[in-house]
Amino acid sequence: TQCLLNTYSTTYYSTACVQCPPFSITMNKGASTMAECVCIANMYMDGGVYSLNSKGCLPCGTGAISPQASTSRKDCMCGSLSNDPHTCPIGYMSDDSMCNTASSTWACKPCSFGQYSPVEHMEECYLCPDGMTTKSTGSLNDLDCECTAV
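The following paragraphs examine the structure supplied in this document.

About the cut-offs
- Residues numbered from 1 in each chain as written.
- Predicted model: local features only at pLDDT ≥ 70, side-chain atom pairs only at ≥ 80, totals over all residues.
- Heavy atoms only, no water.
- Disulfide = S-S within 2.5 Å.
- Helix = DSSP H or I, 4+ residues; strand = E, 2+ residues; numbered from the N terminus.
- Buried < 20%, exposed > 50% of the residue type's maximum accessible area, 1.4 Å probe, protein only.

## Here we look at the state of the cysteines
For the structure on display, the rule yields 7 disulfides. Each sulfur in the disulfide pair C3 and C17 lies 2.0 Å from the other. Because the torsion about its S-S bond is -90°, the bridge between C3 and C17 counts as left-handed. Of the two residues, C3 sits in the segment before β1 (7-9) while C17 sits in strand β2 (residues 17-19), which places them 14 residues apart along the sequence. C3 gets classed as buried once you look at its relative accessible area, which sits at 4%. With no disulfide of its own, C147 lies closest to C145 among cysteine sulfurs, the gap being 9.9 Å. Under the relative-accessibility criterion, C147 is labelled exposed at 66%.

Here it is as structure tokens:
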């Protein structure tokens, strides 16, 4: 017999079926490996498929959404695809762990030490060159990068 939905067989031609890991389902009956388990909506599988090394299904940020079977955090959306969810000023980047559902935009956080953001709407801050850092968070450009003490 086939394994039911949301379960998979642990060995080939086995009749013993195992429940998919937390927050995951199968798309069809008869799954033969754990790799056929996919994340439910609003979760994503970092690395794409279940394996011994995977972290399992992880939640999208607060207020964010994703389709079923998402395989990357990049699949998590804040609001609709018709607007730009990245509205941060220079020196800041989008915080994709927190969606402002009222404005359908990601929250902003300052660039960390050793990073800078020279333009608005950055998803990620640029890194200073090796051996360099910034004096503070929220740096605006690469001129803020200074050599670290040796």
